[in-house]
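This is what each chain is made of:
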Amino acid sequence: MSLNIALQTATSGLRAAQAGIEIVSRNVANAGIEGYTRKTLPLESLTVNGQSIGVRLGEITRSVNTRLQGEARIGFGLTESLRVKDDFLSRLDLILGTPGGTNSLSSVLGRLGDS
């Protein structure tokens, strides 16, 4: 192994360590913030002909509970569905009136029959 390759390997290792420290510091700094998810940085060893030539940084990933996230989406969808139904029924109440009210359909028809 040449000195150049050894320096490149060490440099890539130091860069990987620095990137890992940055991710950890962001996780610690944002730990108290609601909605923040922990991030991780996978590292991969680079080898050629059985010799290590450095470290490759993977993509930063968020740690998320996908089941919980799916249940939340289902809950939000149900809530919006019920909100639309409530809006529709409220408008129907305005048009037809509430039972026993002076502007209700039955009251209007009763007055029409009386006249």
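All values derive from a computational prediction rather than experimental measurement.

1. Side note on a nonpolar patch on the surface
- A grouping of Phe88, Leu89, Leu92, Ile95, Leu96, Leu105, Leu109 and Leu112 is seen on the molecular surface, where their side chains present a nonpolar patch of about 810 Å² in accessible area.
- Every element with two or more residues in the nonpolar patch is listed here: helix H2 (66-96) and helix H3 (105-114).
- Top element by residues in the nonpolar patch is H2. It accounts for five residues.
- By the element assignment, Leu96 lies in helix H2.

2. Quick notes on the pattern of salt bridges
- One pass over the structure, following the stated rule, counts four salt bridges.
- We note a salt bridge from Glu71 to Arg67, for which the minimum N-O separation is 3.4 Å. Here Glu71 pairs with Arg67, and both are found in helix H2, just four residues apart, close to one helical turn.
- According to the relative accessible area criterion, Glu71 is partly exposed, its value standing at 42%.
- For Arg67, a relative accessible area of 63% gives the class exposed.

3. Observations concerning the side chain of Ser12
- Mapping Ser12 onto the fold places it in helix H1 (residues 3-29).
- A relative accessible area of 12% means that Ser12 is categorised as buried.
- A polar contact is formed between the side chain of Ser12 and the backbone oxygen of Thr9, at a distance of 3.0 Å.
- Filtering out sequence-adjacent residues up to four positions away, Ser12 remains in contact with Ile53, Gly54 and Val55.

4. Section: unusual backbone geometry
- Residue Asn49 is not a glycine yet carries a positive backbone phi of 50°.
- By the element assignment, Asn49 lies in the loop between strand E2 (43-48) and strand E3 (51-57).

5. Some words on the environment of Phe88
- Take Phe88: it is sitting in helix H2.
- A relative accessible area of 52% places Phe88 in the exposed class.
- The spacing of Phe88 and Leu105 is 17 residues in sequence and 17 Å in space, taken between C-alpha atoms.

6. Points about the environment of Ser115
- Counting through the fold element by element, Ser115 comes out in the segment after H3.
- In terms of polar contacts, Ser115 uses its side chain to reach the backbone carbonyl oxygen of Leu112, at 2.9 Å.

Cut-offs applied
- Residues numbered from 1 in each chain as written.
- Predicted model: local features only at pLDDT ≥ 70, side-chain atom pairs only at ≥ 80, totals over all residues.
- Heavy atoms only, no water.
- Patch = residues over 30% accessible without salt bridge, like charges linked within 9 Å, V, L, I, M, F, W, Y side chains within 5 Å.
- Areas by Shrake-Rupley, 256 points an atom, 1.4 Å probe, with all protein chains shown as cover.
- Salt bridge = Lys/Arg side-chain N within 4 Å of Asp/Glu carboxyl O.
- Helix = DSSP H or I, 4+ residues; strand = E, 2+ residues; numbered from the N terminus.
- Buried < 20%, exposed > 50% of the residue type's maximum accessible area, 1.4 Å probe, protein only.
- Polar contact = N/O pair within 3.5 Å; in protein donor to acceptor, adjacent residues only side chain to side chain.
- Contact = heavy atoms within 4.5 Å.

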